[in-house]
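Reading the structure
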Amino acid sequence: MPPKTRLFVILTGEHPHLPFAELRGILEACGLSASAELAAPQVAIVDASDAELTVTSIVDRAAYSRYVAKLIYFGSTANLPERLGDLIKDVEWPEISGSFKVMAVRIGGSSKEISGTQLEAAMGGEILKISPNLRVDLMNPEHIVLVALSGGKVFVGLLMGTIDRSKFLSREIPRRPFSHPVSMRPKLARAMVNLGRVRPGDVMLDPFVGAGGIALEALEVGAFVLGCDIDEKIVWGAEQNLTYYGFKESFRLWVCDALNLGLEGTVDSIVTDPPYGRASSSRRVDPKKLIFRFLEKSLDLLKPGGYLTMAAPREFGVDDFVERVGYELVEVVDYREHKRLTRRIVVARLR
Ligand SMILES: C[S@@+](CC[C@H](N)C(=O)[O-])C[C@H]1O[C@@H](n2cnc3c(N)ncnc32)[C@H](O)[C@@H]1O
């Protein structure tokens, strides 16, 4: 087996669990033999068999990650920056040439006694001592040495990828031709698709497709989407949205009741955000009953080993129910929307 490359990923601080759970989902969805562990707040270490593919997959798919770097060193921040010279001499420094700069990222107010700018300058100086062929270019460097300070630890690495989270802006709800308030925002929808381990070429079903927030993100990662909704106008709107973003033949939408989909065969995954009986209507059916009845039916819709990912109000207890009907619970993430709504995102695998 080829040796694994150690990477570190800086996650966003938008949620305590979702970014790392999303990262694990991406690694599994992309079939990467990589293990991930949380080494400090917002910093995950990933041991990857194929470093380039791992970096590309994270950069292309993640909504809640910021940077991916090849790990050179990690340890305590004690006596930094005085210890930098020894630290750099002791590590196996990558053979790079051309220009570089050091970029320091402080996470959660960690190691405030160390100034980021001083750290960048001191580290740059030490690197130049051991690699005299390198030169500093702050504006347009060929290499970026990433230094992250988190939870009393310092992580040093060579930046391999930056996640462009602005790509989600163009799909924000008000920017879509059919803008519907109950639709899911693109970053959360993308995280749902990643938690659901949706792979390119998979057939993903959203039985409560609404305006197509989840469908759009699944299409973006290369899935074929089947989407249904009970509301004809909403299905028309979802169609406008998916077409507007350039998708034509990789989806099928239709009007129907999620309890009576009329589907032949099974799908690879189900990712969905059903009505909660608040902003989006469940047509006078008790939303919890509707969701539970759908969950029972979902057992016949999914391929064995397929994943079901659902967001619902925490108090509905979808996590307990999926286990009771025979799913294996994989992930539970609570996402506080506002004072009166915490969504519980449940990921379950059909045995
Ligand atoms: C929360 S919204 C889905 C939002 C969607 N995830 C999005 O991002 O646009 C729930 C949707 O379920 C639909 N719905 C309600 N009862 C249904 C049923 N029995 N079968 C199918 N769809 C239903 C509603 O019309 C609504 O569009």
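The residue numbering used here restarts from 1 in each chain and proceeds along that chain's sequence as written. In keeping with the predicted nature of the model, local features appear solely for residues at pLDDT of at least 70, side-chain atom pairs appear and are counted solely at 80 or more, and the whole-chain, interface and lining totals rest on all residues. To get the side-chain values, all heavy atoms of the structure are used, and hydrogens and water are removed first.

1. Let's talk about the environment of Ser-97
In this text, helices come from DSSP runs of H or I with a minimum length of four residues, and strands from runs of E with a minimum of two, each type numbered from the N-terminal end. Within the element layout of this structure, Ser-97 appears in the loop between α3 (84-90) and β5 (98-106). Distance from Ser-97 to Asn-194, taken between C-alpha atoms, is 36 Å for residues 97 residues apart in sequence.

2. Digging into the pattern of salt bridges
We count a salt bridge whenever a side-chain nitrogen from Lys or Arg sits within 4 Å of a carboxyl oxygen from Asp or Glu. Counted according to the given criterion, the structure contains 20 salt bridges. Two residues, Glu-14 and Lys-187, come together in a salt bridge whose shortest N-O distance is 2.4 Å. Within this pair, whereas Glu-14 is found in the loop between β1 (5-11) and α1 (18-29), its partner Lys-187 is found in helix α5 (residues 186-195), the two being separated by 173 residues in sequence. The class of Glu-14 is partly exposed, set by a relative accessible area of 42%. Taking relative accessible area as the criterion, Lys-187 reaches 17% and is therefore assigned buried. The salt bridge partner of Glu-331 is Arg-24, with a shortest N-O separation of 2.5 Å. Within this pair, whereas Glu-331 is found in strand β14 (residues 327-338), its partner Arg-24 is found in helix α1, the two being separated by 307 residues in sequence. Exposure classes here rest on a 1.4 Å probe applied to the protein chains alone. A residue is buried below 20% of its type maximum, exposed above 50%, and partly exposed in between.

3. Quick notes on the pairing of strand β8 (residues 153-162)
As paired strands, strand β4 (residues 65-76) and β8 are joined by 9 bridges and run antiparallel to one another. Note that in β8 the partner of Lys-70 across the bridge is Leu-158. As defined by bridge partners, strand β7 (residues 143-150) adjoins β8 across 6 bridges and the pair is classed as antiparallel. Looking across to β8, one finds that Ala-148 is bridged to Phe-155. Only strands that DSSP links by at least two bridges are regarded as paired with each other.

4. Details of the packing of aromatic side chains
Only Phe, Tyr and Trp rings are paired, with Trp represented by its six-membered ring, and only when their centres lie within 6.5 Å; those with planes under 30 degrees apart are stacked, over 60 edge-to-face, the remainder tilted. Applying the stated criterion across every chain yields a total of 6 aromatic pairs. Both rings, one in Phe-74 and one in Phe-155, keep their centres 5.5 Å apart while their planes meet at 0°; by these two values the pair is stacked. Of this pair, Phe-74 sits in strand β4 while Phe-155 sits in strand β8, placing them 81 residues apart in sequence. Under the relative-accessibility criterion, Phe-155 is labelled buried at 0%. With a centroid separation of 4.9 Å and 90° between ring planes, the pair formed by Tyr-244 and Tyr-245 is classed as edge-to-face. The class for Tyr-245 is buried, based on a relative accessible area of 17%. Through a chain of ring-to-ring contacts, three or more aromatic side chains come together here, namely Phe-8, Phe-74 and Phe-155. Just above the ring of Tyr-307 sits the side chain of Arg-197; from NZ or CZ to the centre is 5.4 Å. In our convention, an over-ring charge means Lys NZ or Arg CZ found within 6 Å of a ring centre and within 35 degrees of that ring's normal. In this structure, Arg-252 is placed above the aromatic ring of Trp-254, and the distance from its NZ or CZ to the ring centre is 4.6 Å.

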